[in-house]
Amino acid sequence: MKKIVFMLVGTTIFHICAYGQVAEKRAPRGFDKVRANIFRGNIDTVSYTSETVGTTRKALVYTPPLFSENKNYPVLYLLHGIGGDETEWLRGGSPQVIFDNLYADGKLAPMIVVMPNGRAMEDDRATGDIMAREKVVAFATFERDLLDDLIPFIEKQYPVKSSREYRAIAGLSMGGGQALNFGLGNLDEFAWVGGFSAAPNTKDPHTLVPDPGLAKEKLKLLWISCGDQDELLRFSQQTHEYLLDHEVPHIYYIEPGGHNFKVWKNDLYMFSRLLFKPVD
């Protein structure tokens, strides 16, 4: 079967044959509202030793409803923006509510979700000048912290599947750039990659995907999305155009909105539904 690049734009509904399901145009009303009488997941704060940074660092871990230590789960690493930390998604996006509701509707594959602090430096708080050079550099440093410290910690502490086919990475804004950089730069570690409103830290497409053939072979899903009123749209657009020119299968999703959690919550709903499911 010929591989396809899918583009979801505006309010049009597309049938995505390669994923065996209909792609909703947007998350349904109430997708991010707490429901009564459903099973809920749990969120814990964990601390891990970072040899990369030389400190103890924190992350939030969401485990799904009816979580069992006797079952092995795939993992999604969910990254925040330049002004956030490990709590940004929780404060602005209510991911646990979105996930709980998706599980209640039978639309989500059981998974563990890790929300780390992507500012890998000794003082990793989102204080002072968040655009300071050393803080921006710390977002790139997080690649080693993630691969060498956090992922091994999660795999020791939680019943997770350790192969790349069961590991996803996604993020918003600065974290969207990180997700694309780290995911596409480490195809032996990640098979599912999502960038929501990726920021200027996103690498040039030729650097991001130097071997389109390898990306085609390795990726289970590559998702790129952005609001149509977002000033950073050009970074997603140039990545999409490169992937299109080189016939790398991906979903490019442009939606109404700017650079905010209204867009990112919708992205999380849309993206997470596709994870860890059969791909044609």
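For the structure, see preceding data.
Just so it is clear, the model here is predicted, and its values are computed rather than measured.

Draft legend 1. Fine view of helix H7 (residues 233-245). The terminal C-alpha atoms of H7, which comprises 13 residues, lie 18 Å apart, in line with the 18 Å expected from a rise of 1.5 Å per residue. Those residues of H7 that sit buried are Phe235, Ser236, Thr239, His240, Tyr242 and Leu243. For H7, the angular spread of buried residues about the axis comes to 160°, placing them on one side. Exposed side chains of H7 directed beyond 90 degrees from the buried face belong to Arg234 and Asp245. Of the residues flanking the end of H7, it is Glu247, one or two places downstream, whose phi is positive at about 55°.

Draft legend 2. Highlighting helix H8 (residues 261-272). Spanning 12 residues, H8 covers 16 Å between terminal C-alpha atoms, matching the ideal 16 Å at 1.5 Å per step. Counted residue by residue, H8 has 11 buried out of 12 residues, so it is predominantly covered. Inspection of H8 places Phe261, Val263, Trp264, Lys265, Asn266, Asp267, Leu268, Tyr269, Met270, Phe271 and Ser272 among the buried residues, and these make up the whole buried set. The N-cap of H8, judged by a side-chain oxygen 3.2 Å from the amide nitrogen of Lys262 a few residues on, is Asn260.

Draft legend 3. Just the nonpolar core, in detail. The biggest cluster of nonpolar side chains holds 42 residues, and the ones touching the most others in it are Tyr77, Val114, Leu146, Leu150, Ile154 and Ile169. Top element by residues in this core is helix H3 (residues 133-157). It accounts for seven residues. Residues within four places of Leu146 in sequence aside, it is in contact with Tyr77, Ile151, Pro152, Ile169, Phe182 and Phe190. Residues Ile98, Leu172, Ile251 and Phe276 belong to the second largest nonpolar core, which totals 36 residues.

Draft legend 4. Looking closely at the pattern of salt bridges. By the definition in use, this model includes 12 salt bridges. The partner of Asp145 in a salt bridge is Arg57, with the nearest N and O atoms 2.9 Å apart. One end of the pair, Asp145, is in helix H3; the other, Arg57, is in strand E5 (residues 55-63), and 88 residues separate them in sequence. An identical accessibility class is assigned to Asp145 and Arg57; each is buried. Between Asp148 and Arg144 there is a salt bridge; the shortest N-O distance is 2.7 Å. Linking Asp148 with Arg144, this pair stays in helix H3, spanning four residues, or about one helical turn.

Calculation notes
Residues numbered from 1 in each chain as written. Predicted model: local features only at pLDDT ≥ 70, side-chain atom pairs only at ≥ 80, totals over all residues. Heavy atoms only, no water. Helix = DSSP H or I, 4+ residues; strand = E, 2+ residues; numbered from the N terminus. Expected span 1.5 Å × (residues − 1). Buried < 20%, exposed > 50% of the residue type's maximum accessible area, 1.4 Å probe, protein only. Arc of directions from axis to C-beta. Polar contact = N/O pair within 3.5 Å; in protein donor to acceptor, adjacent residues only side chain to side chain. Core = buried A, V, L, I, M, F, W, Y, C linked by side-chain atoms within 4.5 Å. Contact = heavy atoms within 4.5 Å. Salt bridge = Lys/Arg side-chain N within 4 Å of Asp/Glu carboxyl O.

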